[in-house]
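Inside the fold
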Amino acid sequence: DYLLIETTGLANPGPIISTFWTDTNLKSPLRLDGVVCVVDALHIDSYLLDESIKNDVRLQICYADRIILNKLDLVSMEKVELLEKTIMEMNSFAQLYLAQFGNVD
């Protein structure tokens, strides 16, 4: 069995992740299996430039071990290649998946 915890929009996943290691009151057999981040290819540039959210955007990418680069149908192939490079510079350990319309290849 699995439990999926989803944070809507932009949020620092660190506090949620650390709960699995530090909350002694939890006393649960739950274990963290992975962290997935969905990156919006069309809007990621503006998110990374926005002072009020850019740190949370980077944290989401850095904490993830699986990253889905979505909305590829809305950007050029050159843009996709640049985004792949940018994401992997932020987190070279994550598996990167490409998606259009939410469908992962």
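Everything below is about the structure printed above this text.
Residues numbered from 1 in each chain as written. Predicted model: local features only at pLDDT ≥ 70, side-chain atom pairs only at ≥ 80, totals over all residues. Heavy atoms only, no water.

Looking at the sheet that holds strand 4 (residues 103-104)
As summarised here, the arrangement of the 4 strands in space is 1-2-3-4, forming an open sheet in which the pairing is mixed. Strands at the two margins of the open sheet, each flanked by one partner only, are strand 1 (36-40) and strand 4. Judged from the 4 bridges that link them, strand 2 (residues 66-70) and strand 3 (residues 95-100) form a sheet pairing that is parallel. From the neighbouring strand, Ile67 faces strand 3, where its bridge partner is Leu96. (Pairing = 2+ DSSP bridges. Helix = DSSP H or I, 4+ residues; strand = E, 2+ residues; numbered from the N terminus.)

Focus on a nonpolar patch on the surface
Taken together, the side chains of Leu3, Ile5, Ile16 and Leu30 define a hydrophobic patch exposed on the protein surface, amounting to about 350 Å² of accessible area. For Leu3, the position within the fold is in the segment before helix 1 (14-22). Since its relative accessible area comes to 56%, Leu3 is described here as exposed. (Patch = residues over 30% accessible without salt bridge, like charges linked within 9 Å, V, L, I, M, F, W, Y side chains within 5 Å. Areas by Shrake-Rupley, 256 points an atom, 1.4 Å probe, with all protein chains shown as cover. Salt bridge = Lys/Arg side-chain N within 4 Å of Asp/Glu carboxyl O. Buried < 20%, exposed > 50% of the residue type's maximum accessible area, 1.4 Å probe, protein only.)

Notes on the pattern of salt bridges
A complete count under the given rule lists 5 salt bridges for this structure. In this structure, Asp40 engages Lys71 in a salt bridge whose closest nitrogen and oxygen atoms are separated by 2.9 Å. You can see Asp40 sitting in strand 1 and its partner Lys71 sitting in the loop between strand 2 and helix 4 (77-90), a full 31 residues away along the chain.

Focus: helix 3 (residues 54-63)
Taken together, the buried positions of helix 3 are occupied by Val57, Gln60 and Ile61. Here the buried residues of helix 3 occupy an arc of 95 degrees about the axis, which is enough to place them on one side. As for helix 3, its buried residues are in contact with strand 1, helix 2 (44-49), strand 2 and helix 4. (Arc of directions from axis to C-beta. Contact = heavy atoms within 4.5 Å.)

Quick notes on the pairing of strand 2
Each regular strand carries side chains that alternate between the two faces of the sheet. A large share of strand 2 lies buried, amounting to 4 of its 5 residues. Note: strand 1 against strand 2, 5 bridges, orientation parallel. Among the inter-strand pairings, Val39 is bridged to a residue of strand 2, identified as Leu69. Assessed by its sense of winding, the connection that carries the chain from strand 2 through helix 4 to strand 3 is right-handed. (Right-handed = clockwise from strand over helix to strand, strands pointing away.)

Things to note about the nonpolar core
Membership of the largest hydrophobic core comes to 19 residues, with the highest contact counts inside it found for Val39, Ile44, Ile61, Ile67 and Leu69. Residue assignment for this core shows that the elements contributing at least two residues are strand 1, helix 2, helix 3, strand 2 and helix 4. A total of 4 residues in this core trace back to one element, the largest contributor, which is helix 4. In this structure, Ile61 is in contact with Cys37, Val39, Ile44, Ile67, Ile87, Met90 and Asn91, ignoring residues within four places of it in sequence. (Core = buried A, V, L, I, M, F, W, Y, C linked by side-chain atoms within 4.5 Å.)

A word on helix 4
Between its first and last C-alpha atoms helix 4 spans 20 Å; for 14 residues at 1.5 Å apiece the expected length is 20 Å, and the two agree. Within helix 4, burial applies to Lys79, Val80, Leu83, Ile87 and Met90. For helix 4, the buried positions fall inside an angular range of 100 degrees around the axis, keeping them on one side. Away from its buried face by more than 90 degrees, helix 4 exposes Met77, Glu78, Lys85 and Glu89. In this structure, the buried residues of helix 4 make contact with strand 1, helix 2, helix 3, strand 2 and strand 3. (Expected span 1.5 Å × (residues − 1).)

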